[in-house]
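# Reading the structure
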Amino acid sequence: MNPTYRTTSRGGSMQKRIVASEFLGTLLLVFFAVGSAVVAVEYLGTVGIALTFGFTLLALAYALGPISGCHVNPAVTLGMYMAGRIDIRSAVERWVSQFLGAIVGAALLFLLAKQIPGLETSGEFGTNGYDDRSAVGINIGGAFLAEVVLTFLLVYVVLAVTHKVAVTGFDGLPIGLALAAIHLVGIPLTGTSVNPARSFGPALFAGGAALSQLWLFIVAPLVGGAIAAYAHRLTHPYPNVLPAETEDAV
């Protein structure tokens, strides 16, 4: 077999696995983690929901981390791109996969919720919000600041504990713990997004104010992820891994 063909084929196959992993991971994150807020909030409370998000991401990090790095979050992917660990093509493919996965995960959750008598899905459905859609009534400026800072922590931790793209060894533990802590603080404020795809999928099915406020939960996490990538360069100034080397390492 021609060596060039063999290398190209392997690279294409690997990229398909990465795309599939990001799609599946985001789908499962939305279904299980957001699902805890939709169908089990009365039984779990804020702490239970926060732990569900953390545990779900922790499990996915071990299952999918060696394949795609288990970003399952456009803000994390942006941070990885700005850190020089993936190229723009890989970033765009991941973003598309994440948003599609979030939509399918939300659709499955919506279908499940409709089987529960009396469960209201319009307006809320595990979405994020500010003003009268916030448990503490935080205003738009406060919500934007909160999402930037909360996302900063998540993306900074991901960049700090991973040296390439893959999540290996105990890398998933601090990432899962960080997401749980972020939700403990963020749920009363905005419901906690820190993930544009996680916000986008449920908002499509909730409609109303969830959609009109959605822009903030797309823009603010991306801003937080970008700032985290810059801060990481200052605190961890080791050479970045070239995208081609990274994809082979995954």
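Look up: the structure comes first, before these words.
Residues numbered from 1 in each chain as written. Predicted model: local features only at pLDDT ≥ 70, side-chain atom pairs only at ≥ 80, totals over all residues. Heavy atoms only, no water.

### Considering the overall build of the protein chain
Selection criterion: Helix and strand assignments follow DSSP, with helices taken as H or I runs no shorter than four residues and strands as E runs no shorter than two, numbered in order from the N terminus. Three labels apply to residues, based on accessible area from a 1.4 Å probe with only protein chains included: buried if under 20% of the type maximum, exposed if over 50%, partly exposed otherwise in between. A contact between two residues is defined here by any heavy atoms of the two lying within 4.5 Å. In short, Shrake-Rupley with a 1.4 Å probe defines the accessible areas, and a residue's cover is counted only from the protein chains shown. For the purpose of counting charges, residues Lys and Arg are taken to be positive, whereas Asp and Glu are taken to be negative. His and the chain ends are not included. The location of each charge is read from NZ of Lys, CZ of Arg, CG of Asp or CD of Glu.
Looking only at helices and strands, the protein chain has ten helices and zero strands in total. Ordered by position from the N terminus, the helices and strands of the protein chain form the series α-α-α-α-α-α-α-α-α-α. Principal-axis analysis of the C-alpha atoms gives the protein chain an extent of 60 × 40 × 30 Å. Relative to its full complement of 250 residues, the protein chain shows a buried share of 49%. Counting only contacts in the protein chain whose residues sit at least 6 apart along the sequence, the fraction spanning at least 24 positions is 78%. Summed over its atoms, the accessible surface of the protein chain is roughly 11000 Å², and 71% of this surface lies on carbon and sulfur atoms. When the 12 positive and 13 negative side-chain charges of the protein chain are each reduced to one mean point, those points stand 11 Å apart.

### Some remarks on the environment of Leu78
Residue placement: Leu78 occurs in helix H3 (residues 74-82). Through-space distance from the C-alpha of Leu78 to that of Ala226 is 6.7 Å; in sequence the pair is 148 residues apart. Setting aside its immediate chain neighbours within four residues, Leu78 contacts Trp95, Leu222 and Ala226.

### Quick notes on the pattern of salt bridges
Formally: We define a salt bridge as a side-chain nitrogen of Lys or Arg found within 4 Å of a carboxyl oxygen belonging to Asp or Glu.
Scanning all chains against the criterion turns up one salt bridge. In this structure, Glu93 and Arg89 form a salt bridge, with 3.2 Å as the shortest nitrogen-oxygen distance. Highlighted residues: Glu93 and Arg89, both in helix H4 (residues 88-113), separated by four residues, approximately one helical turn.

### Some points on H3
A large share of H3 lies buried, amounting to seven of its nine residues. Listed in full, the buried residues belonging to H3 are Pro74, Ala75, Val76, Thr77, Leu78, Gly79 and Met80. Contacts from the buried residues of H3 go to H4, helix H5 (140-161), helix H7 (196-206) and helix H9 (214-235). Residue Gly84 follows H3 closely and has a positive phi angle near 80°.

### Some words on the nonpolar core
The line we're drawing: To form a nonpolar core, buried Ala, Val, Leu, Ile, Met, Phe, Trp, Tyr and Cys residues must be joined to one another through side-chain atoms within 4.5 Å.
By size, the foremost hydrophobic cluster in this structure holds 46 residues, and its most contacted members are Phe125, Leu154 and Ile175. Put simply, the parts of the chain that give this core at least two residues each are helix H1 (3-39), helix H2 (41-68), H3, H4, H5, helix H6 (172-190), H7 and H9. For this core, the element with the most residues is H2, which contributes seven residues. Once you skip the residues sitting within four places of it in the chain, Leu154 turns out to touch Asn73, Val76, Ile175, Leu179, Ile182 and Val194. Counting residues in hydrophobic clusters, the runner-up holds seven residues, among them Ile138, Val148, Leu216 and Ala220.

### Remarks on unusual backbone geometry
Phi is positive for Phe125, which is not a glycine, with a value near 55°. Locating Phe125 in the fold gives a position in the loop between H4 and H5. Of the residues examined, Phe125 reaches a relative accessible area of 2% and is grouped as buried. Here Val194, not a glycine, exhibits a phi torsion of approximately 50°, which is positive. Tracing the chain through its elements places Val194 in the loop between H6 and H7.

Note that all results are geometric; they support no functional claim without further evidence.
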